[in-house]
Amino acid sequence: MSNRVLYLIVCAAPPARNITELIDLLHADSWDVHVIATPSALEWIPISKVEAQTGHPVSHRPRRPDEARTLPKADAVVVAPTTFNTINQWANGTNDTLALGILNEVLGLQVPVIATVYAKPSLTSHPAFGTHIGLLTGAGVIFTETESLRPTDPSHPFEWRTVTELLASFADPGARER
């Protein structure tokens, strides 16, 4: 396994049920994947399968003051799927979950961040949503097209390559500074 560390932040949307498919692709690209789930996503992802696949626990809550840090420094962050709720909270600086805390922190760390929105058109047409996408884009977040994960045929797998191809286009495979 490579020493390139990727935080995969998973939000509660249908693709989360199949997040192991994305993890397989990320492993094939030599990423050491650490999954961070939003509280709602814990009900959507196959936790034991993800933990066995990555070799790491699924993180979902901030550490207590007496606990050691368990996450290594990230070389890149992928938020897939990301939801209407997470985008709006992130853009507003809400910091009440581990996932949001990490997303807020990485904006100031020069860490590449890719987000792929999976939300209904009725939500993405809300006026706050476009404003928040613009704000996060201005802060350096790279977005895929909204709903780019959705397969053209419902019987096909999610389009995870939209994430991995974008990640490959800008991620630096070089050694990271610690």
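Along each chain, the written sequence defines residue order, and numbers are assigned to residues from 1. Per-residue local features of the predicted model are confined to residues with pLDDT of at least 70, and side-chain atom pairs are confined, for both listing and counting, to 80 or more; whole-chain, interface and lining totals are unaffected and use all residues. Excluded from the side-chain calculations are hydrogens and water; all other atoms, namely the structure's heavy atoms, are used.

Regarding the layout of surface pockets
To keep it simple, the criterion reads: Lining residues are defined by having an atom within 4 Å of a point belonging to a cavity or pocket. Those points lie on a 1 Å grid over the protein atoms alone, cavities being sets where a 1.4 Å probe fits but cannot get out and pockets being open sets with protein on both sides within 12 Å along at least five of seven lines. Grid points are joined across faces, edges and corners, and a volume is the space filled by probe spheres set on the points. Charged means Asp, Glu, Lys or Arg here, nonpolar means Ala, Val, Leu, Ile, Met, Phe, Trp, Tyr, Cys or Pro, and polar covers whatever is left, Gly included.
The computed volume of the largest pocket comes to approximately 840 Å³. In terms of lining residues, the largest pocket is bounded by 27 residues, among which Arg-63, Arg-69, Leu-71, Leu-98 and Ile-102 are the most central. Each residue belonging to the lining of the largest pocket can be placed in one class, and the counts come to 13 nonpolar, eight polar and six charged.

Quick look at the packing of helix H1 (residues 19–28) against helix H7 (residues 161–170)
Rule in force here: Axis definition: a line fit to C-alpha positions, over the contact stretch in the case of helices; interaxial angles, taken between N-to-C directions, run 0 to 180 degrees. Comment: elements are numbered from the N terminus, with helices defined as DSSP H or I runs of at least four residues and strands as E runs of at least two. Oblique is the label for every angle not falling under 35 degrees (roughly parallel), over 145 degrees (roughly antiparallel), or within 65 to 115 degrees (roughly perpendicular). For any helix crossing, the convention is left-handed if the near helix is rotated counterclockwise from the far helix by under a right angle, and right-handed if that rotation is clockwise. Between two residues, a contact is recorded if the distance between any of their heavy atoms is within 4.5 Å.
Where H1 meets H7, the closest approach of the two axes is 10 Å, and the angle between their N-to-C directions is 30°. As summarised for this structure, H1 and H7 are arranged roughly parallel, according to the angle between their axes. In this structure, the crossing between H1 and H7 has a hand that is right-handed. Residue-level contacts link Leu-22, Leu-25 and Leu-26 of H1 to Arg-161, Val-163, Thr-164 and Leu-167 of H7. The class makeup of the residues in the contact of H1 with H7 is five nonpolar, one polar and one charged.

What about the sheet that holds strand E2 (residues 31–37)?
As a reminder, the rule being used: We call two strands paired when DSSP finds no fewer than two bridges between them.
Pairing is parallel across the open sheet formed by five strands, whose spatial order is E2-E1-E3-E4-E5. Two strands bound the open sheet, and with one partner strand each, they are E2 and strand E5 (142–143). When strand E1 (residues 4–10) meets E2, the two strands line up parallel, connected through seven bridges. Among the inter-strand pairings, Tyr-7 is bridged to a residue of E2, identified as His-34. Running over the sheet, H7 touches E1, E2, strand E3 (76–82), strand E4 (113–117) and E5 and is turned about 160° from E4.

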